Each structure stands twice: as structure tokens, then as C-alpha cells.
Amino acid sequence: MRQQVEEYINTLQEEIVMAFEKLDPNAPQFKRDSWVRAQGGIGKSCVFALPPDEDLSVSTSPPQTVLEKGGVNISVVHGILPPPAIKQMRADHLSMPLPERPEGLPFFAAGLSLVVHPRNPHAPTVHANYRYFEITEPLSTDPEQQDQQPKVLAWWFGGGSDLTPSYLYEEDAVHFHSTLQTACHKHGPQLYETFKKWCDEYFFITHRGESRGIGGLFFDDLNEGPHLRLPTPASEVKRPVTPDEIFAFIKELGNSFVPSYIPILQLRYSIPYTPHERRWQLLRRGRYVEFNLVYDRGTKFGLMTPGARIESILMSLPETARWEYMSELGAEGTEEGKLIEVLKEPRAWV
């Protein structure tokens with residue numbers, strides 16, 4: 001499974017990056033940056049960014065590029081999880097109790113993570129992540145058993161994708177969610193509804209009392225065992241259970257990313273916008289930053305992992321953001337207020 005996941009995320013990364021480059025052929029290409037982790041593993045970051053304008057907050061000129069900042073990263077890493085990271089993981093993965101090991105636990109992780117921040121306030125930010133994780137027993141010190149693979153204590157898949165607009169276009173939300181629903185329904189009737197609800201709960205900014213965006217899918221801990229979010233046995237309601245079945249589900253979702261998002265971006269990136277709309281976009285990006293640095297499990301786990309590549313972990317942050325004291329934007333009855341309404345009360349889009 002390790003090799004299959006590694007091969008797939010390499011292929012998917014290139015397909016997604018090429019889709020963005022095809023949409024804006026006159027823009028600079030993504031910077032492709034391969035790296036090696038000293039503690040074990042490799043990765044490749046594909047990042048889009050431009051030198052900053054003199055005015056970082058407001059631009060009324062035609063967009064130079066469709067994207068303002070974006071990254072599509074993959075990593076295939078292994079090593080020893082220290083006790084703080086195990087503690088964090090144990091809290092995040094209640095479906096799979098992990099053993100106590102003061103010396104740490106060997107792990108393997110492979111995944112793709114992307115965040116794209118378009119330049120136009122009418123084009124939504126998007127995030128997606130697809131990952132595979134293993135926790136194993138330590139390698140044997142017996143010379144006769146050095147060639148044997150260590151016992152796998154736990155394995156699981158996780159991931160999802162979600163949309164974060166600054167301005168609400170209901171048809172965009174319907175398209176995004178419909179594409180994800182179609183992908184899910186091929187593998188089980190309860191997956192979309194369950195993981196959509198999980199996404200609404202996960203991407204909630206508690207101190208603001210609102211969601212980060214209009215949702216999508218979020219899931220974790222998918223393996224052959226029982227799942228807290230999927231209590232109905234697989235014998236009664238179809239769902240992926242075996243490693244091959246869950247991997248097929250992951251690939252279905254990964255392959256649905258481009259058709260779920262690129263048509264939306266293509267529709268919105270050239271809409272004229274005002275300084276007022278740009279200001280609102282930067283305020284919403286401030287909320288994005290707050291969630292990622294305060295609540296996001298992946299960010300916190302990554303920063304606790306020895307040899308973590310900080311530049312890749314913080315790739316999700318927008319190039320520019322804004323905070324205002326007691327901002328008047330977002331009032332009821334305004335275009336901005338329409339977005340706030342659905343952020344405070346998540347809606348069923350399909």
C-alpha cells in the first residue's frame with residue numbers, strides 16, 4: 001500500500017498543477033521544489049507566488065494572474081514520532097487507541113495537501129488533502145530479523161476538500177458539493193452526508209462563532225475496524241473497509257478535485273472587483289489564518305514532528321490578510337452578510 005499511495009499522489013500532484021497552469025498559460029509556472037527529510041523521507045512542493053505589488057492591500061488594476069498564491073505539496077516520510085506528537089495523535093484519533101511508548105513510535109506517512117488562494121475576491125479559496133498513515137512496532141534488534149517488516153499497530157486513510165469563498169455564489173457551492181457527493185456515492189450511501197457534517201464541525205472557528213468556509217468533506221481514521229462516525233456495520237450499509245477499497249475511495253476523491261474546482265475558478269477569476277471587495281477578501285483571509293494556526297490538527301501535528309519542513313506546513317497561509325478592529329463589514333442585508341449567514345448556519349447544498 002505504501003508504494004501505491006506514493007505513486008498515486010505523485011501522479012495526482014502533477015495533474016492538478018498542470019490544470020492550474022493550463023488555466024493561466026501566461027502566468028509563471030509553479031515552482032517545483034524537491035526535498036529530502038534528514039530523519040527519513042522525501043517530498044515535492046509545487047508553489048505559485050509572485051513578487052508583491054507596491055500596494056499589498058488593494059488593487060483595482062486587471063489581475064496579473066489568476067492565482068495570488070497556491071501550493072500543491074506531497075510528502076512521503078518516515079521516522080519516530082516523539083511522545084508529544086503521539087499525545088496529539090491519540091487525542092485526534094479516538095477510533096484507534098495508540099499504545100504508550102515513552103521512546104516514541106515508528107511511523108510512515110504519505111499524502112498530498114493543497115491550498116489555492118485566487119487573486120479575485122469572487123473566486124473562492126480551496127483546500128484539499130489526501131493521506132495514508134501507519135504506526136508500527138520498532139524494528140527488531142535481532143540480526144536474524146532485520147529483513148522482516150515491523151508489525152503494523154495501526155493504519156488509516158484520511159482527507160477531504162473544502163471551499164472558502166469571500167462572496168457567496170450558491171451555484172458554485174452546489175457544483176462543488178454535487179461533485180463530491182457523486183464521488184462518495186460510488187463507494188457508499190452514507191459517506192457524503194457523514195463526512196460533510198464532519199467537515200462543517202471541523203472547520204469551525206470557535207472564537208468567531210462561524211465556519212471557515214462553506215464546507216465540503218473531512219474524514220479521518222478510515223480503516224478496516226469500526227468507526228465512531230460510521231456506526232452502522234459495513235455488512236448492513238455499503239462502505240469501503242479493506243485497504244484496497246479505501247484506497248479506491250481516496251483515488252475517487254482525488255480525481256474529483258479538478259472537476260469540482262477548476263470550473264468555478266474559470267467562471268470567477270475575471271469578474272471585475274472593487275477596493276471594497278478586496279478589503280473584504282483580506283478580512284476573510286484573516287479568518288483563514290486564525291483557523292489554520294489555532295485549530296488545524298495537521299498544522300499542530302506537523303510542527304510537533306521532528307524534521308518538519310516549516311515552509312511546506314505554512315504554505316496554506318495566504319500571501320496577504322487583514323484584521324480590523326470592530327469592522328463594519330458583513331452586516332445583515334449586504335453581499336458580505338449573505339456569506340456570514342451560511343458560515344454561522346451551515347447549509348445542505350445538495
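What counts, and at which threshold
Here the residue numbers are simple positions, counted from 1 along each chain's written sequence. In keeping with the predicted nature of the model, local features appear solely for residues at pLDDT of at least 70, side-chain atom pairs appear and are counted solely at 80 or more, and the whole-chain, interface and lining totals rest on all residues. Note that the side-chain values use all heavy atoms of the structure and ignore hydrogens as well as water. In this text, helices come from DSSP runs of H or I with a minimum length of four residues, and strands from runs of E with a minimum of two, each type numbered from the N-terminal end. Between buried and exposed lies partly exposed: a residue is buried under 20% and exposed over 50% of the maximum accessible area for its type, with that area taken using a 1.4 Å probe on protein chains only. Residue contacts are defined here by distance: any two heavy atoms, one from each residue, within 4.5 Å place the two residues in contact. Two strands form a pair only when DSSP identifies at least two bridges running between them. Between N-to-C directions, angles cover 0 to 180 degrees, with each direction set by a line fitted to C-alpha atoms, over the stretch in contact for helices. The nonpolar core is taken to be a set of buried Ala, Val, Leu, Ile, Met, Phe, Trp, Tyr and Cys residues, with the residues joined through side-chain atoms within 4.5 Å. The salt bridge definition used is simple: a Lys or Arg side-chain nitrogen within 4 Å of an Asp or Glu carboxyl oxygen. Note on aromatic pairs: the rings of Phe, Tyr and Trp (six-membered ring only in Trp) are paired at centre separations within 6.5 Å, and the planes decide the class, stacked below 30 degrees, edge-to-face beyond 60, tilted for the rest.

Caption draft 1: Focus on the environment of Glu-14. Position of Glu-14 among the secondary structure elements: in helix α1 (residues 2-23). Residue classification places Glu-14 among the partly exposed residues on the basis of a relative accessible area of 26%. Sequence separation between Glu-14 and Cys-46 is 32 residues; the distance between their C-alpha atoms is 8.9 Å. Ignoring sequence-local partners within four residues, the contact set of Glu-14 consists of Arg-32 and Lys-44.

Caption draft 2: A look at the environment of Ala-348. Residue placement: Ala-348 occurs in the segment after α10 (335-344). Distance from Ala-348 to Val-174, taken between C-alpha atoms, is 9.1 Å for residues 174 residues apart in sequence.

Caption draft 3: The sheet that holds strand β9 (residues 216-222), seen in detail. Pairing is antiparallel in the open sheet, where seven strands are placed in the order β1-β2-β3-β4-β5-β6-β9. With partners counted over all chains shown, the strands left at the sheet margins are β1 (31-36) and β9, one partner each. Strand-to-strand twist of the sheet, defined as the mean angle between neighbouring strand axes without regard to direction, takes the value 10°. Strand direction decides the pairing type here: β1 and strand β2 (residues 41-49), joined by six bridges, are antiparallel.

Caption draft 4: A look at the nonpolar core. With 72 residues, the main nonpolar core has Phe-20, Leu-114, Phe-157, Phe-195, Phe-257 and Tyr-261 as its most contacted residues. If sequence neighbours within four positions are ignored, Phe-157 has contacts with Met-1, Val-5, Arg-131, Tyr-132, Phe-219, Asp-220, Asp-221, Leu-222, Pro-243, Ile-246, Phe-247 and Ile-250.

Caption draft 5: Quick look at the pattern of salt bridges. The full count for this structure, using the stated rule, is 23 salt bridges. A salt bridge links Glu-290 to Arg-208; the nearest nitrogen and oxygen atoms lie 2.7 Å apart. Of the two residues, Glu-290 is situated in helix α7 (residues 275-294) and Arg-208 in the loop between β7 (204-205) and β8 (210-211); the sequence distance between them amounts to 82 residues. For Glu-290, a relative accessible area of 10% gives the class buried. With relative accessibility at 31%, the residue Arg-208 sits in the partly exposed group. Put simply, Arg-279 and Glu-324 hold a salt bridge, and the shortest N to O gap is 2.6 Å. Here Glu-324 lies in the loop between α9 (310-313) and α10 and Arg-279 lies in helix α7, a separation of 45 residues in the sequence. Classification of Arg-279 as partly exposed rests on a relative accessible area of 21%. For Glu-324, a relative accessible area of 23% gives the class partly exposed. Via salt bridges that share partners, Arg-279, Arg-322, Glu-324 and Glu-328 belong to a single interconnected network.

Caption draft 6: Seen up close, the pairing of β2. Once β1 ends, the chain turns through four residues before running back antiparallel as β2, passing Gly-40 with a positive phi of about 130°. Examined bridge by bridge, β2 and strand β3 (residues 67-81) share nine bridges and lie antiparallel to one another. Counted as the bridge partner of Ala-49 is Lys-69 from β3.

Caption draft 7: Here's a closer look at the environment of Gln-190. Locating Gln-190 in the fold gives a position in the loop between α3 (170-185) and α4 (191-202). The sequence separation of Gln-190 and Leu-230 amounts to 40 residues, and the corresponding C-alpha distance is 8.0 Å. In contact with Gln-190, not counting residues within four places along its chain, are Leu-230, Thr-232, Val-237, Lys-238 and Arg-239.

Caption draft 8: Fine view of the packing of aromatic side chains. One pass over the full model with this rule turns up 23 aromatic pairs. Centroid distance Tyr-202 to Phe-218: 4.1 Å. Interplanar angle 5°. Geometry classified as stacked. In this pair, Tyr-202 is assigned in helix α4 and Phe-218 in strand β9, connecting sequence segments 16 residues apart. The residues Tyr-202 and Phe-218 share a single accessibility class, namely buried. Clustering of aromatic rings is evident, with ring pairs tying together Phe-195, Trp-198, Tyr-202, Phe-203, Phe-218, Phe-219, Phe-249, Phe-291 and Tyr-295.

All we've got here are geometric facts, nothing functional implied.
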